[in-house]
Structures are given as C-alpha cells and as structure tokens.
Amino acid sequence: MIALDFTKHYALTICMILAVIIFKTHEVSAVNTNAISVFSPGGQYIMLTFDDGPHSSLTSKILDVLEQKKVKATFFVYGSKVINNKDIMLKMQSGGHEVANHGWSHTPFTKQTHDQLEKMVKQTAMVIDNSTAATFAQSTIKKTTEPSTFIRPPLGNTNTFLNDHIAKTLGL
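What you see is a predicted model, and the numbers here were worked out from it, not measured in a lab.

Participant: Explain the overall build of the protein to me, using residue names and the numbers behind them.
Facilitator: A count of helices and strands for the protein gives six helices and three strands. Secondary structure elements of the protein occur, N-terminal to C-terminal, as α-β-α-β-α-α-β-α-α. Considering the protein as a whole, with its 172 residues, one finds that 38% of them fall into the buried category. Within the protein, contacts between residues at least 6 apart in sequence are counted, and of these 75% link residues at least 24 apart. When the accessible surface of the protein is summed, it comes to about 10,300 Å², and 56% of that surface belongs to carbon and sulfur atoms.

Participant: Break down the side chain of Glu-118 for me, with residues and values.
Facilitator: Tracing the chain through its elements places Glu-118 in helix α5 (residues 114-137). Here the side chain of Glu-118 touches His-165 through a polar contact of 3.5 Å, side chain to side chain. Residues contacting Glu-118, with those up to four places away along its chain left out, are His-165, Thr-169 and Leu-170.

Participant: So what about the nonpolar core? Which residues, and what values?
Facilitator: Judged by nonpolar contacts, the single largest core of 15 residues is most densely connected at Leu-66, Phe-75, Val-77 and Met-92. Looking at this core, the elements with two or more residues in it are α2 (58-69), β2 (74-77), α4 (86-94) and α5. In this structure, Val-77 is in contact with Gly-53, Pro-54, Val-82, Met-92, Val-99, Ala-100, Asn-101, His-102, Gly-103, Thr-124 and Ile-128, ignoring residues within four places of it in sequence.

Participant: Let's hear about the environment of Phe-76: which residues, and what values?
Facilitator: If you trace the backbone, Phe-76 turns up in strand β2. Under the relative-accessibility criterion, Phe-76 is labelled buried at 6%. Sequence separation between Phe-76 and Asn-101 is 25 residues, and the spatial gap between their C-alpha atoms is 5.4 Å. Setting aside residues no more than four positions away along its own chain, Phe-76 makes contact with Thr-49, Phe-50, Asp-51, Asp-52, Gly-53, Ala-100, Asn-101, His-102, Phe-150, Ile-151 and Arg-152.

Participant: Requested: an account of the packing of aromatic side chains, with residues and values cited.
Facilitator: Inspection of every chain in the model, using the stated rule, returns one aromatic pair. When the centroid spacing of 5.3 Å and the interplanar angle of 20° are considered together, the rings of Phe-50 and Phe-75 count as stacked. Residue Phe-50 is located in strand β1 (residues 49-53), and its partner Phe-75 is located in strand β2; the two are separated by 25 residues in the primary sequence. Across the pair, Phe-75 and Phe-50 agree in class, each one buried.

Criteria and thresholds
Residues numbered from 1 in each chain as written. Predicted model: local features only at pLDDT ≥ 70, side-chain atom pairs only at ≥ 80, totals over all residues. Heavy atoms only, no water. Helix = DSSP H or I, 4+ residues; strand = E, 2+ residues; numbered from the N terminus. Buried < 20%, exposed > 50% of the residue type's maximum accessible area, 1.4 Å probe, protein only. Contact = heavy atoms within 4.5 Å. Areas by Shrake-Rupley, 256 points an atom, 1.4 Å probe, with all protein chains shown as cover. Polar contact = N/O pair within 3.5 Å; in protein donor to acceptor, adjacent residues only side chain to side chain. Core = buried A, V, L, I, M, F, W, Y, C linked by side-chain atoms within 4.5 Å. Phe/Tyr/Trp six-rings, centres within 6.5 Å; stacked < 30°, edge-to-face > 60°.

This is the structure in structure tokens:
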C-alpha cells in the first residue's frame, strides 16, 4: 500500500486511494494506448481525472498504478507546478495520458478579471506545451498526444459568463 500524507494533499490523496481501490477490486482489461478523444452519443464512459498536480511524489505513484493496470487518465495541472516537475510531465505524456489546464495556481477563476484569467490560462498552456516539447526533444520517447482543449477551474468555481468568455476567447 502507498503511504500518503492526508494533511497536505487531501483531494489528490482521496482520488488516488479510490483509484487504487478500484484497480485492486475490479479486473481492468488492456485499453488502447491513446486517450479517448472521440465519444459516441449514448456511449458509456468512465473518465479518470486527477487535479492539482503534478505533485513530486504522489503523481509518480499514481502513474505507476495506471501503467500497471494499463489505464489512461487526464491530469489537470497547475502551471506553477509544471515548471519544477518536468520529469513527471514526461512520464504523463509518454504514458499516453492527457495533460489539461487547471490554471496557474489555486486562485478561483471567479476571483479574477477577464484579463487576469486569460493571461493565467494562456501562461499555463504555454508552460505545459513548452515543458513537454522541451522534455520530449531531449528524450528518445516520441510525443504521442496533442495539446488538450480542456480546462477545469480550481475548486470548480465558475459561472456562465466565465465559461462563455473562456470558450469565446481561448477556444477551450
């Protein structure tokens, strides 16, 4: 069993525990090496997502479990954490996982002006793209994923006006 720090990373820890419980109690068959990007209307899907990373030790443990079980996930990452975790970013993308935008930090989108929000989302997207591009350029592993068009607001705080602004100006 993986030792976890419940005080600092509660949400990520709970997600990881649930993922480990699911993987240990249910048979998971091998899946396609690419993330699902097209969905059939009426289809049934379970999407495994993780927020607030990459975390220097927890995210690697999650990736190890996902690799062992041949399961793909989407990781919603903070731009501020990507900078110091390039090895984990490489591991995510080389494993066929999707990396998506979770903002620069944990500041709720609803507490920012449209200009601040736009700058922060673009900055995060740029750091994600630059980090993975530079890391893949220095490795023998071929990048197999495209940039994500998904964004998840920190704490889920958003509203119709922000959603419309993000969709219209940023295409997410």
